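Below, each chain spelled out in residue letters.
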Amino acid sequence: MFRSKAFGLLKPIPSVSGQPNLAYEFIHPAIASHGYRCHRSVDYRQRYKTCPGSAGGRTVSAPQTKVMAEELPGVLILDIGGTHGVLENLAALLKKHFRLITMKEFLENKKEMSKKIQSVFVFECRPTIDQELLESLPNLKVIGNSGVGVDHLDLKMISNFGVKVTNTPHAVADPTADIGMALMLASARRLVEGCQTAVSPDTKYFPVDWLGVEVTRATLGIIGMGSIGYRVAQRARAFDMRILYHNRNRRRKEEEEAVGAHYCEKMEDLLQQSDFVMLVVNLTSETHKLIGKKELGLMKPTATLVNISRGAVVDQDALVEALQNKVIRAAALDVTYPEPLPRDHPLLKLNNIIITPHIGTATVQATRMMAEEAIANMLAVLNGQPIPSEVFPK
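Residues numbered from 1 in each chain as written. Predicted model: local features only at pLDDT ≥ 70, side-chain atom pairs only at ≥ 80, totals over all residues. Heavy atoms only, no water.

Undergrad: Explanation requested: the overall build of the protein chain in the structure shown.
TA: Regarding its fold elements, the protein chain presents 13 helices and 19 strands. Sorting the 394 residues of the protein chain into buried and exposed places 52% on the buried side. Here the protein chain displays about 19,000 Å² of accessible surface, and carbon together with sulfur accounts for 51% of that area. (Helix = DSSP H or I, 4+ residues; strand = E, 2+ residues; numbered from the N terminus. Buried < 20%, exposed > 50% of the residue type's maximum accessible area, 1.4 Å probe, protein only. Areas by Shrake-Rupley, 256 points an atom, 1.4 Å probe, with all protein chains shown as cover.)

Undergrad: Looking at this model, I keep getting lost on the sheet that holds strand E16 (residues 304-307). Mind explaining?
TA: Think of a sheet as strands paired side by side through backbone hydrogen bonds, with each pair either parallel or antiparallel. Taken together, the seven strands give an open sheet; going across it, the order is E14-E13-E12-E15-E16-E17-E18, and neighbouring strands pair in parallel fashion. A strand with exactly one partner marks an edge of an open sheet, and here the two such strands are strand E14 (261-263) and strand E18 (353-355). Neighbour-to-neighbour, the strand axes of this sheet turn through a mean angle of 20°, independent of strand direction. Across three bridges, strand E13 (residues 242-246) lies against E14 in parallel orientation. Bridging across to E14, Ile243 finds its partner in Ala261. (Pairing = 2+ DSSP bridges. Axes fitted to C-alpha atoms, helices over the stretch in contact; angles between N-to-C directions.)

Undergrad: Looking at this model, I keep getting lost on the nonpolar core. Mind explaining?
TA: When a protein is soluble and globular, its nonpolar side chains tend to lie buried together. Grouped together as the largest cluster of nonpolar side chains are 36 residues, with contacts concentrated most on Met184, Leu220, Ile222, Met241 and Ile308. Of all the elements in the fold, those that place two or more residues in this core are helix H6 (169-188), strand E12 (219-223), helix H8 (227-237), E13, helix H9 (253-259), strand E15 (276-279) and helix H13 (364-382). Ranked by the residues each element gives to this core, the list is headed by H6, at 10 residues. If near-sequence neighbours (up to four positions away) are discounted, Ile308 is found in contact with Thr176, Ile179, Gly180, Leu183, Ile228, Val232, Met278, Leu279, Val280, Asp334 and Val335. (Core = buried A, V, L, I, M, F, W, Y, C linked by side-chain atoms within 4.5 Å. Contact = heavy atoms within 4.5 Å.)

Undergrad: Would you take a moment to explain the environment of Ile387 for this structure?
TA: In this fold, Ile387 is placed in the loop between H13 and strand E19 (390-391). Separated by 221 residues in sequence, Ile387 and Thr166 have C-alpha atoms that sit 8.1 Å apart.

Undergrad: Could you clarify how one ought to interpret the pattern of salt bridges in this entry?
TA: Opposite charge on two side chains makes pairing possible when the charged atoms of those side chains draw close. All chains considered together, the criterion is met by 13 salt bridges. Between Arg231 and Asp174 there is a salt bridge, with its nearest N and O atoms 3.1 Å apart. Taken as a pair, Arg231 in helix H8 and Asp174 in helix H6 lie far apart in primary sequence, 57 residues in all. Exposure remark for Asp174: the relative accessible area of 26% places this residue in the partly exposed category. For Glu372, the salt bridge identified is with Arg368, shortest N-O distance 3.1 Å. Taken together, the positions of Glu372 and Arg368, both in helix H13 and four residues apart, correspond to about one turn of that helix. A relative accessible area of 26% means that Arg368 is categorised as partly exposed. (Salt bridge = Lys/Arg side-chain N within 4 Å of Asp/Glu carboxyl O.)

Undergrad: Could you clarify how one ought to interpret the packing of H6 against H8 in this entry?
TA: Between two packed helices, the angle of one axis relative to the other and the distance separating the axes together describe the packing. At a closest axis distance of 8 Å, the pairing of H6 and H8 adopts a crossing angle of 50°. For the element pair H6 / H8, the angle class is oblique. As for the relative orientation of H6 and H8, their crossing is right-handed in sense. For the pair H6 and H8, the contacting residues are Val172, Ala173, Asp174, Thr176, Ala177, Asp178 and Met181 in the first and Ser227, Ile228, Arg231, Val232, Arg235 and Ala236 in the second. In terms of residue class, the contact of H6 with H8 is built from seven nonpolar, two polar and four charged. (Parallel < 35°, antiparallel > 145°, perpendicular 65-115°, else oblique. Left-handed = near helix turned anticlockwise from the far one by under 90°. Nonpolar A, V, L, I, M, F, W, Y, C, P; charged D, E, K, R; others polar.)

Undergrad: What should I look at first to understand the packing of aromatic side chains in this one?
TA: Two numbers describe a pair of aromatic rings. These are the distance of the centres and the angle of the planes. Counting across every chain of the model gives two aromatic pairs. Aromatic pair Phe121 and Phe123: ring centres 6.3 Å apart, planes at 20°, arrangement stacked. For the pair shown, Phe121 and Phe123 are each scored as buried. On the numbers, 5.2 Å between centres and 55° between planes, the contact of Tyr245 with Tyr263 is tilted. Of this pair, Tyr245 sits in strand E13 while Tyr263 sits in strand E14, placing them 18 residues apart in sequence. The exposure class of Tyr245 is buried, given its relative accessible area of 0%. (Phe/Tyr/Trp six-rings, centres within 6.5 Å; stacked < 30°, edge-to-face > 60°.)

Undergrad: Explain the pairing of E13 to me, please; I cannot follow it from the model alone.
TA: On a regular strand, each side chain points to the face opposite its neighbour's, so the side chains alternate between the two faces of the sheet. Across the five residues that make up E13, a large majority, four, are buried. Note: E12 against E13, five bridges, orientation parallel. The residue of E13 that forms the bridge with Leu220 is Ile243.

As structure tokens, this is what we get:
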């Protein structure tokens, strides 16, 4: 995961029942989490405060604005509602702190609107940030990405325009870890096939030889031990799983011991030993097609591949071949490339795969918390304050 510039502003959340808890909360004027309150006056005559009951108790709050709408900084969004627009409840959050300008409004009146836009809110990878757009926004200061992955943004190009990029790593960790566990369990116990059998009008009896495999006490190999990967390990420990992990940097000894994780310096060692391999990495030039024919061949024929990172981390042609030839038992993917897959793609014709529509953060709580975190990031930039989650070009 990208390291936030404000990492030093984080503090550990108190442990529960004596178990170390390695999650963190922000101590930042734009965010107040887990009941922590911080009030500070800022530009635009705003004041930061917490919002009880938000995001399932995980509160990330932005300033409450007390000025007229025309004085608010402009934020560009693709649209409100519809197929690709910002959800209406999230748009309502944005309106408290920004003047919302849709892409249609911007294109219809570029001369006037370009001067008002100081930030862009990127929701579900939209709007597209290209050089032409950046050249047309002379007062743009920040792009607030809702979500942790920023592979859809050209960070170097954006930086050359003097524009900052932020993401929302703290909002995504728990729900994404949850979907990873859900996919692993669903694949192991063949839940999708089971549901189809149970509801089929052609079913007259349940076959006795219809068997899955157990997750409990199996070996889980986690590739990418950032905040999401670590939360997967926390959940897997409750299933008495043997946990292996491979990461660019090894975790501290106390972090490993807290979840019972064992470090594999070589990814090949993890692949050979794991019953389930879960991918939790950012998509970069180094991780593009990280798992290909060679890597799949190293896995056990009884193993399952789970991908909750990005579709292009896996060579999908190699995965089709591996699943067809029983090189591995199964795969469970929340991400593909492209999304959605073409309707005639061979992955869609296999019965030993589960594919979900990139729903790792698709919860009521997570979408709201991501918006709140993105708002806090953008306001911090506009107010010249420390930025909770800035992403830097490599």
